[in-house]
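Given next are the chains, with one letter for each unit.
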There are 4 protein chains.
Amino acid sequence: MVGLGRMGSNMVRRLHRDGHTCVGYDVTEAAVAAIEAEGISGARTPQQLIDALAAPRNIWLMVPAALVDQTIATFAPLLDVGDTLIDGGNSWYRDDVDRSGPLKQRGIHFLDVGTSGGVFGLERGYCLMIGGDTAAVQRLAPIFDSLAPGFDAAPTRTLGREGEPDTAERGWLHCGESGAGHFVKMVHNGIEYGLMAAYAEGLNVLANANIGATDRLKDAETAPLTHPQYYQYELDLPAIAEVWRRGSVVASWLLDLTANALLADPKLEGFSGNVSDSGEGRWTVAAAIDEGVPMPV
Amino acid sequence: MVGLGRMGSNMVRRLHRDGHTCVGYDVTEAAVAAIEAEGISGARTPQQLIDALAAPRNIWLMVPAALVDQTIATFAPLLDVGDTLIDGGNSWYRDDVDRSGPLKQRGIHFLDVGTSGGVFGLERGYCLMIGGDTAAVQRLAPIFDSLAPGFDAAPTRTLGREGEPDTAERGWLHCGESGAGHFVKMVHNGIEYGLMAAYAEGLNVLANANIGATDRLKDAETAPLTHPQYYQYELDLPAIAEVWRRGSVVASWLLDLTANALLADPKLEGFSGNVSDSGEGRWTVAAAIDEGVPMPV
Amino acid sequence: MVGLGRMGSNMVRRLHRDGHTCVGYDVTEAAVAAIEAEGISGARTPQQLIDALAAPRNIWLMVPAALVDQTIATFAPLLDVGDTLIDGGNSWYRDDVDRSGPLKQRGIHFLDVGTSGGVFGLERGYCLMIGGDTAAVQRLAPIFDSLAPGFDAAPTRTLGREGEPDTAERGWLHCGESGAGHFVKMVHNGIEYGLMAAYAEGLNVLANANIGATDRLKDAETAPLTHPQYYQYELDLPAIAEVWRRGSVVASWLLDLTANALLADPKLEGFSGNVSDSGEGRWTVAAAIDEGVPMPV
Amino acid sequence: MVGLGRMGSNMVRRLHRDGHTCVGYDVTEAAVAAIEAEGISGARTPQQLIDALAAPRNIWLMVPAALVDQTIATFAPLLDVGDTLIDGGNSWYRDDVDRSGPLKQRGIHFLDVGTSGGVFGLERGYCLMIGGDTAAVQRLAPIFDSLAPGFDAAPTRTLGREGEPDTAERGWLHCGESGAGHFVKMVHNGIEYGLMAAYAEGLNVLANANIGATDRLKDAETAPLTHPQYYQYELDLPAIAEVWRRGSVVASWLLDLTANALLADPKLEGFSGNVSDSGEGRWTVAAAIDEGVPMPV
């Protein structure tokens with residue numbers, strides 16, 4: 001595991017718990033020391049990491065998207081034919097398409113793995129969307145099974161599925177050739193942002209349901225609210241989010257998180273209303289434009 | 001229970017199972033006979049229904065929105081002071097605001113109950129959003145508890161909640177004065193439609209991820225796809241919906257239903273792409289306009 | 001003319017210039033004095049206005065939408081059968097539908113006139129969209145012809161039109177029954193807001209065309225701009241608005257106004273970015289929802 | 001002039017009329033013969049074109065975007081230091097950024113010219129948005145002046161402008177370095193599509209203003225129209241488009257074209273409702289995404 005930040009360190013912990021032999025490397029000494037304190041092997045240089053693993057090696061990169069290329073440049077020369085590099089970060093899928101060719105020519109397998117689950121992944125497991133060649137995916141199947149949430153993570157079984165659960169039912173999927181993993185992850189995030197917007201807009205209508213009870217500015221330029229008698233509600237948003245979690249059509253994991261947030265901070269005053277653009281939303285819209293499919297949400 | 005269609009008949013079944021004494025009425029003889037065959041009392045005229053219940057009575061109307069007013073007109077003259085009328089259909093919340101005043105003047109309680117759960121409600125329970133006066137809500141609490149999914153229906157408990165679960169945690173909520181129940185239900189449906197659109201748009205990007213592999217029409221009027229090499233994926237949508245159900249941020253009940261539908265019909269060819277406008281989406285947008293809050297999704 | 005604000009006073013001036021006998025009334029003494037100073041008759045009470053006109057009278061109301069009903073309540077009792085009331089303000093068309101019935105019962109004609117042209121109308125003329133009964137429209141045709149911009153106001157004649165110009169070619173139109181004038185004016189404003197948004201969004205893309213030349217915050221959460229080399233332009237927005245006024249497809253009166261504004265204030269720093277909601281945008285979207293037609297713009 | 005299609009042939013005609021010495025080349029013999037019949041010199045091979053011009057030459061390419069690169073590849077080897085190549089087609093601005101470097105290294109000037117005016121340009125003139133180096137722009141100023149609509153094409157002069165009109169007031173503008181011309185033209189088209197959508201949506205609301213007069217399907221799934229009495233208008237769209245052309249805020253050249261189309265075909269039945277994607281709309285949205293500016297319209 002290269003990169004022992006929040007994601008990488010928890011993933012190596014989850015693998016270690018499940019009995020896999022792991023070595024963790026990070027440019028920050030404290031991050032390496034932290035996993036060593038938990039009984040997981042650490043490496044202080046790329047070469048140490050390589051030496052600590054028997055070929056064929058599996059090197060999982062869990063570094064910021066902006067650092068993936070230079071990290072590959074560091075490790076690739078140290079690898080042998082048959083080793084596998086895994087890009088587990090938030091890369092643009094096109095970069096993975098471009099990276100795979102040169103590595104393949106040198107006999108190195110390359111996988112791109114989109115990972116969902118975030119800060120809850122250590123306990124819940126990570127949903128894994130994988131692109132790259134089949135042989136490497138198959139060899140790493142036990143790793144993916146340990147990282148993924150497993151069959152029991154879904155509340156019910158999909159109608160028509162029976163027998164031994166396939167990998168999708170266990171929480172990981174080989175989506176296609178190089179880039180396919182991050183393509184599916186990109187769209188996943190695009191959907192996520194649309195879902196969040198839908199909840200936000202609806203909750204905002206509820207939060208303003210008392211607009212008829214308040215005096216709006218009256219001037220010649222502004223048309224009055226036509227029917228103030230229909231906007232007199234003081235609604236309890238934390239309770240509404242809670243009741244929707246049971247039996248309603250809008251129940252979801254995002255709603256569970258929303259209920260947590262609203263109970264702790266009913267007006268969400270601790271939130272800035274601003275979010276960094278990690279790229280997936282922007283890239284999903286760009287893909288929709290390229291494909292010529294509508295994406296108003 | 002007035003109206004023994006899909007919703008009303010299953011609700012009366014769920015109440016009967018839980019030990020409540022119920023009488024069902026419908027203009028269709030067969031609908032009444034169906035519940036009688038299951039040991040539930042039936043009535044063949046409004047007066048029979050009234051006579052079969054001891055005062056104070058609770059009359060739950062589960063009829064199409066367009067028929068609520070005439071059904072109230074039929075039953076209201078038969079009711080006594082202290083009886084309660086419940087509008088459980090898909091009414092516009094403003095109609096319930098308007099209905100409550102005249103009934104209140106005659107000493108009749110009036111509740112509006114937005115109900116989510118649809119065809120799955122008999123087994124899963126119904127999420128209930130309620131508007132009207134507190135006394136009537138409290139008297140009907142055992143009924144709401146039987147109809148609602150109950151505490152165990154949510155996968156986890158919201159952080160910070162402890163002790164005896166309140167009604168929101170049991171699946172029903174008194175939202176506020178008359179109309180509040182259908183207002184919250186209206187917004188709930190508005191959110192639902194936004195969620196569905198988000199999934200649909202994202203899945204459509206996945207379904208068209210092979211656009212670079214196909215020849216597009218080439219003419220002087222159409223700009224070519226700039227980078228066809230990045231749109232060469234044949235993605236397995238049923239498997240992707242399945243893998244997202246475990247550990248991913250977009251897991252939800254709607255996604256569970258989507259996975260069911262995609263497994264049975266991977267290209268959704270059995271769907272018409274058209275849906276009747278039951279009003280809630282339209283009304284939610286109108287409310288957002290009245291409140292002056294944004295609602296692009 | 002009842003209401004001698006910016007709109008009403010200029011309209012009465014334009015009518016007076018064209019030889020019509022006019023009397024102006026306003027609750028503000030100074031407004032009446034101002035037109036009297038220009039040789040136009042003034043009235044200081046509603047009764048004075050009525051007395052100064054020979055029956056059948058034409059009373060044009062040019063007051064804020066919120067004051068139309070009370071102004072009608074003031075004047076209607078003073079009118080005789082055959083008189084005509086004209087609502088020239090920014091009323092919601094539905095209010096005019098509701099107003100017309102009671103006035104018609106009393107033998108009073110009622111017209112609703114949507115008026116476009118704003119502060120430039122005195123010189124350019126006013127585009128008039130009219131609803132109400134045909135007899136009253138025909139009687140007022142000379143008034144409408146004086147207020148409207150006239151045939152020469154358009155740069156070219158529409159292909160296929162020939163002979164004597166009809167009223168539409170002279171700048172006014174009887175659109176239909178009561179409310180039709182304000183309905184068409186409402187949609188006109190809805191279109192206007194869409195046009196303004198289209199220009200604003202495009203100009204904003206031009207204004208930010210140098211985004212690649214500036215350093216964006218670099219952090220692990222934010223995806224970098226993929227191709228900064230393509231965003232290095234410092235564009236001259238006042239000049240671009242100017243060049244588009246000649247021969248381009250986006251030439252329009254709104255663009256002429258935009259060119260004025262950008263030349264005087266190239267970054268539009270004197271504008272607040274906020275506009276009062278006079279209702280038409282909101283009502284147009286509500287009409288689109290009622291009609292079930294799309295209106296994303 | 002290389003490329004004597006609809007655009008190129010009319011541009012060479014307009015230049016010829018204004019006294020410029022022109023030579024036209026096209027791969028289609030008939031196109032060359034057509035201009036020769038009007039007294040304009042023709043060339044049948046690239047070399048003939050080159051030989052017919054005295055250095056420093058100006059070669060204007062007016063070919064489909066997909067053919068620009070191969071046309072440049074044909075002509076560039078034939079050019080001398082100091083000659084100028086002009087890309088007047090619908091190129092993506094980024095392609096012009098990429099093309100300029102290699103040509104510059106060989107001492108060849110390169111200009112990109114976005115051209116608006118279409119089929120009306122021969123008579124009205126062309127609005128020209130130009131990118132590239134200043135020396136070449138200055139040398140070609142007489143050409144641009146002949147192609148552009150000229151000062152009188154705008155209905156009024158922008159407030160604050162005085163003295164000798166600059167090039168923007170004459171209808172052409174040097175926007176910036178290579179690509180700037182097509183960047184501005186791209187955004188111009190993005191705005192155009194937004195304007196067209198705004199008109200279309202508004203006219204559609206007018207066209208459906210009689211929805212209350214028709215019977216909608218009544219079923220349990222569909223909410224009824226709440227106030228059919230307010231949707232009883234049969235509006236005359238050709239007349240409305242006509243009246244808006246005079247004095248209204250939405251007057252524009254696109255509205256003039258709309259009035260032409262509606263008069264000839266009031267329900268626009270001769271239009272397919274489909275338009276080829278020439279790229280500019282797509283690219284403008286992509287630019288907005290890259291810049292991080294909103295572009296909902």
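Located above this text is the structure these notes cover.
Fair warning: this is a prediction, and the values are worked out from it, not measured in the lab.

Conventions adopted
- Residues numbered from 1 in each chain as written.
- Chains lettered and ligands numbered in written order.
- Predicted model: local features only at pLDDT ≥ 70, side-chain atom pairs only at ≥ 80, totals over all residues.
- Heavy atoms only, no water.
- Contact = heavy atoms within 4.5 Å.
- Buried area = accessible area lost by both parts, 1.4 Å probe.
- Salt bridge = Lys/Arg side-chain N within 4 Å of Asp/Glu carboxyl O.
- Polar contact = N/O pair within 3.5 Å; in protein donor to acceptor, adjacent residues only side chain to side chain.
- Nonpolar A, V, L, I, M, F, W, Y, C, P; charged D, E, K, R; others polar.
- Phe/Tyr/Trp six-rings, centres within 6.5 Å; stacked < 30°, edge-to-face > 60°.
- Helix = DSSP H or I, 4+ residues; strand = E, 2+ residues; numbered from the N terminus.
- Buried < 20%, exposed > 50% of the residue type's maximum accessible area, 1.4 Å probe, protein only.
- Lys NZ or Arg CZ within 6 Å of the ring centre and 35° of its normal.
- Pairing = 2+ DSSP bridges.
- Axes fitted to C-alpha atoms, helices over the stretch in contact; angles between N-to-C directions.
- Least-squares fit on C-alpha atoms with pLDDT ≥ 70 in both.

(A) Main features of the interface of chain C and chain B. Every contact between the two is made by 4 residues of chain C and, on the other side, 4 residues of chain B. Carbon and sulfur atoms make up 80% of the surface buried where chain C meets chain B, a total of about 390 Å² over both sides. Summed over the three residues of chain C that lose the most area to chain B, namely R282, V285 and I289 of chain C, the buried surface amounts to 86% of that side. The tally of links from chain C across to chain B stands at 0 salt bridges. Our count for the chain C to chain B interface comes out at 0 residue pairs in polar contact (both at pLDDT 80 or more). When its residues are assigned to classes, the side of chain C that touches chain B shows 3 nonpolar, no polar and 1 charged.

(B) Highlighting the packing of aromatic side chains. Using the criterion set out here, one finds 43 aromatic pairs over all chains in the structure. With 5.1 Å between their ring centres and 45 degrees between their planes, F144 of chain A and W172 of chain A make a pair best called tilted. Here F144 of chain A, found in helix 8 (residues 141–147), pairs with W172 of chain A, found in strand 7 (residues 172–176); they are 28 residues apart in sequence, far enough to count as distant. Judged by centre distance (6.5 Å) and plane angle (70 degrees), the rings of Y231 of chain C and Y93 of chain D are edge-to-face. Highlighted residues: Y231 of chain C in the loop between helix 10 (180–207) and helix 11 (237–244) and Y93 of chain D in helix 5 (residues 93–105), drawn from two different chains. Y93 of chain D carries the same exposure label as Y231 of chain C, and that label is buried. Taken together, Y93 and F183 of chain A together with Y230, Y231 and Y233 of chain B form an aromatic cluster joined through their ring pairs. Geometry around W253 of chain C places R124 of chain C over its ring, the cationic atom sitting 3.7 Å from the centre.

(C) View of the sheet that holds strand 7 (residues 172–176) of chain B. Residues and elements named next belong to chain B. Spatially, the 5 strands line up as an open sheet ordered 3-4-5-6-7, and their pairing is mixed. Pairing within the sheet leaves two strands with one partner each, and these edge strands are strand 3 (58–61) and strand 7. Here the average twist between neighbouring strands, direction ignored, is 25 degrees. Pairing of strand 5 (residues 109–116) with strand 6 (residues 127–132), which is carried by 6 bridges, proceeds in the antiparallel orientation. In the strand pairing of strand 6, S116 is matched with C127.

(D) Representation of the relation of the copies chain C and chain B within the structure. Relative to chain B, chain C is turned by 180 degrees and slid 0.0 Å along the rotation axis, the superposed coordinates differing by an RMSD of 0.1 Å. The relationship between the two copies is best expressed as a two-fold rotation axis. By C-alpha distance to the rotation axis, the residue of chain C lying nearest is A286 of chain C, at 3.1 Å. An overlap of 100% is found between the interface residues of chain C and their copies at the interface of chain B, pointing to a shared contact surface.

(E) The interface of chain C and chain D, seen in detail. Residue-level contacts link 92 residues of chain C with 92 residues of chain D. Summed over both sides, the interface between chain C and chain D buries roughly 7,800 Å², with carbon and sulfur atoms accounting for 66% of that surface. Broken down residue by residue, the surface that chain C buries against chain D is led by Y230, R246 and V249 of chain C, which jointly contribute 10%. Here chain C is connected to chain D by 2 salt bridges. A salt bridge links E242 of chain C to R161 of chain D; its shortest N-O distance comes to 3.1 Å. The tally of links from chain C across to chain D stands at 35 residue pairs in polar contact (both at pLDDT 80 or more). Residue assignment for the side of chain C that touches chain D shows that the elements contributing at least two residues are helix 5 (93–105), strand 6 (127–132), helix 9 (167–170), strand 7 (172–176), helix 10, helix 11, helix 12 (253–264) and helix 13 (280–291) of chain C. Per-element tally for the side of chain C that touches chain D: the top contributor is helix 10 of chain C, with 18 residues. Here the side of chain C that touches chain D is composed, by residue class, of 54 nonpolar, 20 polar and 18 charged.

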